[in-house]
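Residue-level listing of the chains:
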Amino acid sequence: MIKENIVQIRENIEAACVRAGRNSKEVTLIAVSKTKPAAMMEEAFEMGIRDFGENKVQEILAKQPVLPDDVRFHMIGHLQSNKIRQVLGKTVLIHSVDSIGLAEQIQAEAEKRDLYVDVLLEVNVANEDSKYGFSSKEVEDAIRKIKNFTHIHIIGLMTIAPFVENPEENRKVFKELYQLYVDIKTKNIDNVIMSALSMGMTGDYEIAIEEGATMIRVGTGIFGTR
Ligand SMILES: *Cc1c(COP(=O)(O)O)cnc(C)c1O
């Protein structure tokens, strides 16, 4: 099923890009493999998937040794400070920098180890109590602080949209994050690139692409229910 799912999702990505007048090369499909065994990830790997999303550091550490070297792990879940030391150097991108304090701790550990860490700032666009992240209003201030951290590069923004019955309801969330992304990009803030916009999951990735996503995070749609 995994192979068929990936074929279907790629077709959907392509169609969404056509509707939006975008090139599908701008969109990276991240296969969210949390809770799923490495054997299932290998099936996706055979289909050309190299980017995998995980929300637990322990799972990244367990899976990385058994998967091919060119697998790229994305940390997409809330990062606890006591896990920073273990995760640094294991991921291509941390999508979930959700506080200045976390950025400070990543900076301190990265400096100690002489590592440079690419991150996205997580934005709680819909202001849900249950979600981590900066509010849309706080993001620019946060960027202006974190840009001074020598071992962190902010390369974009991420959001987890609300769970909704009809994915169209999330279009406004994606529009708002895209606008924020463009506004910040336009300001050309030093040491801040703004080249990645991570939004859209199984239920709403096509809409996220129509609204400008450059990374979509699809779990259930590839690997089945968790
Ligand atoms: C689990 C998860 C996903 C994938 O969700 P699906 O609905 O299974 O596609 C995407 N992003 C984050 C941050 C997640 O935790």
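See the structure printed just above.
What counts and how
- Residues numbered from 1 in each chain as written.
- Predicted model: local features only at pLDDT ≥ 70, side-chain atom pairs only at ≥ 80, totals over all residues.
- Heavy atoms only, no water.
- Helix = DSSP H or I, 4+ residues; strand = E, 2+ residues; numbered from the N terminus.
- Buried < 20%, exposed > 50% of the residue type's maximum accessible area, 1.4 Å probe, protein only.
- Near = heavy atom within 4 Å.
- Polar contact = N/O pair within 3.5 Å; in protein donor to acceptor, adjacent residues only side chain to side chain.
- Areas by Shrake-Rupley, 256 points an atom, 1.4 Å probe, with all protein chains shown as cover.
- Nonpolar A, V, L, I, M, F, W, Y, C, P; charged D, E, K, R; others polar.
- Pairing = 2+ DSSP bridges.
- Right-handed = clockwise from strand over helix to strand, strands pointing away.
- Core = buried A, V, L, I, M, F, W, Y, C linked by side-chain atoms within 4.5 Å.
- Expected span 1.5 Å × (residues − 1).
- Contact = heavy atoms within 4.5 Å.
- Phe/Tyr/Trp six-rings, centres within 6.5 Å; stacked < 30°, edge-to-face > 60°.
- Lys NZ or Arg CZ within 6 Å of the ring centre and 35° of its normal.

Some points on unusual backbone geometry
Positive phi is not limited to glycine here, since aspartate 114 has a value of about 60°. Positionally, aspartate 114 belongs in the loop between helix H5 (100–113) and strand E5 (117–122). Accessibility expressed as a relative area gives 55% for aspartate 114, which makes it exposed.

Brief notes about the site of the ligand
Taken together, Val32, Lys34, Ile76, Ile160, Met201, Thr202, Arg217, Val218, Gly219, Thr220 and Arg226 make up all the residues around the ligand. Between the ligand and threonine 202 there is a distance of 2.4 Å, counted from an oxygen atom to a side-chain nitrogen or oxygen. Note that an oxygen atom of the ligand is positioned 2.9 Å from one of the side-chain N or O atoms of arginine 226. The protein chains hide 89% of the 390 Å² of surface that the ligand would expose on its own. Within the shell around the ligand, the residues separate by chemical class into five nonpolar, three polar and three charged.

A few points about the pairing of strand E6 (residues 152–158)
Burial analysis of E6 places six of its seven residues in the buried class, the great majority of the element. Note that E5 and E6 share six bridges and pair parallel. The residue bridging aspartate 118 from the neighbouring strand is histidine 153, located in E6. Regarding the hand of the β-α-β motif, the stretch spanning E5, helix H6 (residues 139–146) and E6 is right-handed. Two elements, E6 and strand E7 (residues 192–198), share four bridges in a ladder whose sense is parallel.

Points about the nonpolar core
Among the nonpolar cores identified, the biggest contains 66 residues, and Ile106, Leu121, Ile143 and Leu157 are the most heavily contacted of them. Among the nonpolar cores identified, the runner-up in size contains seven residues, and Leu93, Leu120, Met158 and Met215 belong to it.

Digging into H5
For H5, with 14 residues, the first-to-last C-alpha span of 20 Å sits near the 20 Å given by 1.5 Å per residue. In this fold, the buried residues of H5 make contact with helix H4 (84–87), strand E4 (93–97), E5, H6 and E6. Downstream of H5 by one or two residues, aspartate 114 has phi in the positive range, about 60°.

Topic: the environment of threonine 186
Of note, threonine 186 is situated in helix H7 (residues 171–186). When its relative accessible area of 58% is taken as the criterion, threonine 186 is described as exposed. Among the polar contacts made by the side chain of threonine 186, one reaches the main-chain carbonyl oxygen of valine 182 at a distance of 2.6 Å.

Notes on the packing of aromatic side chains
One pass over the full model with this rule turns up one aromatic pair. When the centroid spacing of 6.2 Å and the interplanar angle of 40° are considered together, the rings of tyrosine 178 and tyrosine 181 count as tilted. Here tyrosine 178 and its partner tyrosine 181 are both found in helix H7, three residues apart, which amounts to about one turn of the helix. Judged by relative accessible area, which is 34%, tyrosine 178 ranks as partly exposed. Given the relative accessible area of 5%, tyrosine 181 is considered buried. Above the plane of the ring of phenylalanine 45 lies arginine 50, whose end atom (NZ or CZ) is 3.5 Å from the centre.

Worth remembering: the numbers are spatial, not functional.
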